[in-house]
Amino acid sequence: MTTTQDWFISVALPVPLRNTFDYRLPTEADPTANYMGCRVAVNFGHQAMVGIILSCHQTSTYDPAKIVAALEILDHKPLFTAELLNLCWWAADYYQHPLGETLSTAMPTPLRQGKSSAPTLAAWQLTTEGKGLPETALKRAKKQQIALQYLLHNDFLLDADARKLDINSTTMAAMQKKGLVEKVERVPEHQAPKDAADQLLRESPLALTEEQEAALSQLSFHRYTCYLLEGATGSGKTEFYLQAIARTLQAGKQALVLIPEIGLTPQTVARFEQRFACSVAELHSNVSDSQRTNNWLAARDGRARIVIGTRLASLCPMQDLGIIIVDEEHDLSFKQQDGLRYSARDLSIYRANQLQIPIVLGSATPSLESFYNAIHGRFAHLRLTRRAGAAKPPTISRVDLRGKTLTAGLCDASVAVLEKTIERGQQAIVFVNRRGYAPSLLCHHCGWIAECPSCDANLTLHKAPYHLHCHHCDAQKPVNRHCPQCNSPDLNPRGLGTEQTEQWLEERFPDTPIIRIDRDSTRQKNSLQETLAVVKSGKPCILIGTQMLAKGHHFPNIALVVIADCDQGLMSADYRGPERMAQLVIQVAGRAGRGEIPGQVLIQSHSPDHPLLDLLLTKGYHLFARQLLNERQTAFLPPFTHQCLIRAESKRPQNAIDFLKMARQQLSSLMPPSQQLQYLGPIPARMERVNERFRYQLHITAGSRKALQKLLKEGIEKIDQQALARRTRWSVDVDPQEV
DNA sequence: AGCACGCCGACT
DNA sequence: GTCGGCGTGCTC
């Protein structure tokens, strides 16, 4: 006779430790049950924590006398399916991150904190008073009457169904005030909605072009293939996704759609909801914690048929996943930049492979990694070359800035074209890649520049409100009236920011709406959608914005796009600069001329003859990408090699440097440098000091991914054992995006 | 990561 | 005489 006391569970806890911890099963638990993937509350050290049960066994390698009982098992049904657990295990391993923290990042915050995982749905129920009403009551409030009639025939009105009946929350609130209805929590029924095809679709699909049809016919739904879907803006990528998903849903399986971090994209979601009658669950940071939890659980239970979200959605449990779509796969936001530094794209490729399902990476400007994989046959290459409908590709021209006077970042020639565009009643976009008024404040007399006291960075001048702002540590201070060095009052803004262009254009085009879209403007106004309504109305206006504006919004009346400065990408110290520049140019060009209007793109540059820019504009992204790949191959750079970056930071610079020296020594004693393995560092990070902390890094470049993984697995373990490792704040970044 | 324990400086 | 600085060690 065994009791729960004889059973041990291995628990992963959200601590930066690379081992798991054994506990005894709580006495009330059932030793025959399978608790793998369930949360468990435990005492750990001096505090209570929530961990994930990894396994259950009758022996432990830890001294049994020291093992205490876990407090309580928190889930009836595992939060982590075997599939998700395997995925997280892989991620923890590949990205060298502790498993407990990895599992923790996969969960929505309330679940992390131990809140109940019993999924509930908000619903409305009639009160006794409400039940007494005749069906014909509430004639004067149409929406309320519809709700009443529904409730007289059904026990509950789910919030989700209310939306389908076009009844909003104010209607229900009004009825609640009258005492007719009350709010209740309903446990969702376990339906397996394998609807017939005609019930899945809310609208009929668009007719496919020959090209789309051909691409779609290449998809196989019953085994793993990674497809690179390369298609220009407007070539119908989304329709391709929609029809691929429809076929997946018909087969009774779920779809996962990953999109870049939303700057301006509720549109994508709307498009999915418009097409499909089944439930679409959103998972991104604009969804409230409780809603996110509900959606996460709905995905696990199969109630959500389509999950659409940002990179965090890639770590969501799916009951029966049938396809993964990664839209704008080249987008940097798919790589997490702290904690578990995972790439949602790469993780999803692994996931699709494990599940033996298709995955589609879509982009007009594929990342060099994906492009390389497509060329070498690891990915299936699908191409959509034609713009759907009447839209023609825009004309792209370069504006030589050499020797030209610039006003608010624009030269006379560009302003003249802007003017003509507005006169024709059309809309224009001006891209400026820095927010604020000017990236620095300079003393004209002695050359002093306003610097951040905590970072190696200049302070950015903002005018609305008027202050100096550090974009790296967020410090803010009032603008100096006199130079602190020479007391001269002659302090001038230097360089260009979005506010400056906005201000000048407002003076230059007093009768035209000037709309600025960047992180500052969207933070202040919650009414982004209203602002955008002006744009959608099609009336002449000028939009000014950072990259944010380039991401997936569709404005039909944009005739002109001006890129104020594309030189930064060309001159960048980061070897990925040109790739980014090209992606921006092509993406931005896609904003121009999507309706009937022919588009025009002006690229302002001080080096308009730069060979890479020339190649991109005359030969297109494909040949440009091939050229970059050649350069990368010669330079022993990704995707021909694989990199890892070990970062360390400390208030005392020597501390971080010493740690990295030790790390390098440990690693190179395992695998000495060779032609196939290079170490570089410790070297200062691009910005050495941020927020009073000094940052250094060690670069490791390896010819093979396998070798790099082996080195890291063994090396990190050794590094971890050193005393220095505990004193230093350090992290590992496998496949870094930013070097 | 947290948190406690522990051993040295400026304060009521 | 104490409050509190952060170095070191530990967590099943």
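Model, not experiment: these values are computed from the prediction.

1. Comments concerning the overall build of chain A
Consideration 1: In terms of regular secondary structure, chain A is built from 25 helices and 32 strands.
Consideration 2: The C-alpha radius of gyration of chain A comes to 29 Å, within 12% of the 27 Å expected for a compact globule of 739 residues.
Consideration 3: The principal-axis extents of the C-alpha atoms in chain A amount to approximately 90 × 80 × 60 Å.
Consideration 4: Split into buried and exposed, the 739 residues of chain A put 54% on the buried side.
Consideration 5: Here the contacts in chain A between residues at least 6 apart in sequence split such that 76% fall between residues at least 24 apart.
Consideration 6: Distance between charge centres in chain A, computed from 83 positive and 74 negative side chains, equals 1 Å.

2. Details of the protein's contact with DNA strand C
Consideration 1: Close to DNA strand C lie 13 residues; D22, G45, Y62, V68 and R727 are nearest.
Consideration 2: Expressed as a percentage, the sugar and phosphate content of the atoms of DNA strand C within 4 Å of the protein is 50%.
Consideration 3: Interatomic distance of 2.7 Å between a backbone N/O atom of D22 and a base oxygen of DNA strand C.
Consideration 4: A distance of 3.3 Å separates a phosphate oxygen of DNA strand C from a polar atom in the backbone of N43.
Consideration 5: Looking at the surface near DNA strand C, the elements that each hand over two or more residues are β2 (21–24), β3 (39–44) and α25 (723–727).
Consideration 6: Here the element with the most residues in the surface near DNA strand C is β2; it accounts for three residues.
Consideration 7: By residue class, the composition of the surface near DNA strand C is seven nonpolar, two polar and four charged.

3. Things to note about the UniProt feature "binding site: Zn(2+) 1" (unreviewed entry) in chain A
Consideration 1: Here, the residues flagged by UniProt with the feature "binding site: Zn(2+) 1" (unreviewed entry) are C443, C446, C483 and C486. With the annotated positions falling across 44 residues, the maximum pairwise C-alpha distance of 8.7 Å places them together in a single cluster.
Consideration 2: Examined against the element boundaries, C446 turns out to sit in the loop between β20 (440–443) and β21 (460–463).
Consideration 3: Discounting chain neighbours no more than four positions away, the residues touching C446 are C483, Q485 and C486.
Consideration 4: Within the element layout of this structure, C483 appears in the loop between β23 (476–477) and β24 (491–494).

4. Examining the packing of helix α9 (residues 210–217) against helix α10 (residues 237–250)
When two helices pack together, their arrangement is given by the angle between their axes and by how far apart the axes lie.
Consideration 1: α10 packs onto α9 with a crossing angle of 40 degrees between their chain directions and a minimal axis gap of 11 Å. By the angle class used here, α9 and α10 are oblique. As α9 runs across α10, the sense of the crossing is right-handed. Facing Q212, E213, A215 and L216 of α9, the residues of α10 in contact are E239, F240, Q243, A244 and R247.
Consideration 2: A class-by-class count of the residues in the contact of α9 with α10 yields four nonpolar, two polar and three charged.

5. Considerations on the UniProt feature "binding site: Zn(2+) 2" (unreviewed entry) in chain A
Consideration 1: UniProt's entry tags C452, C455, C470 and C473 with the feature "binding site: Zn(2+) 2" (unreviewed entry), counted in the numbering of this structure. Spanning 22 residues, the named residues form one tight spatial group whose C-alpha atoms are at most 8.6 Å apart.
Consideration 2: With a relative accessible area of 2%, C455 lands in the buried category.
Consideration 3: When near neighbours in sequence (up to four residues on either side) are disregarded, C455 contacts C470, H472, C473, R689, V690 and N691.
Consideration 4: Secondary-structure assignment places C473 in the loop between β22 (466–469) and β23.
Consideration 5: In this structure C473 touches C452, S454, C455 and N691, once residues within four positions along its chain are discounted.

6. Regarding the side chain of Q145
Consideration 1: Tracing the chain through its elements places Q145 in helix α5 (residues 142–153).
Consideration 2: Once residues within four sequence positions are removed from consideration, Q145 is found in contact with E135, T136, A137, L138 and K139.

7. What to know about the protein's contact with DNA strand B
Consideration 1: Taken together, P16, H46 and Q47 form the complete shell of residues around DNA strand B.
Consideration 2: A distance of 3.2 Å separates a sugar or linking oxygen of DNA strand B from a polar atom in the side chain of Q47.

8. Describing the nonpolar core
Consideration 1: In this structure, F80, I646, F659 and I700 are the most contacted members of the largest nonpolar core, which totals 79 residues.
Consideration 2: With eight residues, helix α1 (residues 82–94) is the largest single contributor of residues to this core.
Consideration 3: Leave out the neighbours within four places in its chain, and I700 touches H642, Q643, C644, I646, L667, L677, Q678, Y679, L708, L711 and L712.
Consideration 4: The next biggest cluster of nonpolar side chains, apart from the first, holds 38 residues, and it includes I429, V561, V585 and L612.

Reading the values: rules and limits
- Residues numbered from 1 in each chain as written.
- Chains lettered and ligands numbered in written order.
- Predicted model: local features only at pLDDT ≥ 70, side-chain atom pairs only at ≥ 80, totals over all residues.
- Heavy atoms only, no water.
- Helix = DSSP H or I, 4+ residues; strand = E, 2+ residues; numbered from the N terminus.
- Rg over C-alpha atoms; globule rule 2.2 N^0.38 Å.
- Buried < 20%, exposed > 50% of the residue type's maximum accessible area, 1.4 Å probe, protein only.
- Contact = heavy atoms within 4.5 Å.
- Lys, Arg positive; Asp, Glu negative; His and termini not counted.
- Charge placed at Lys NZ, Arg CZ, Asp CG, Glu CD.
- Near = heavy atom within 4 Å.
- Polar contact = N/O pair within 3.5 Å; in protein donor to acceptor, adjacent residues only side chain to side chain.
- Nonpolar A, V, L, I, M, F, W, Y, C, P; charged D, E, K, R; others polar.
- UniProt positions renumbered as here; feature names shortened; annotations may be inferred.
- Axes fitted to C-alpha atoms, helices over the stretch in contact; angles between N-to-C directions.
- Parallel < 35°, antiparallel > 145°, perpendicular 65-115°, else oblique.
- Left-handed = near helix turned anticlockwise from the far one by under 90°.
- Core = buried A, V, L, I, M, F, W, Y, C linked by side-chain atoms within 4.5 Å.

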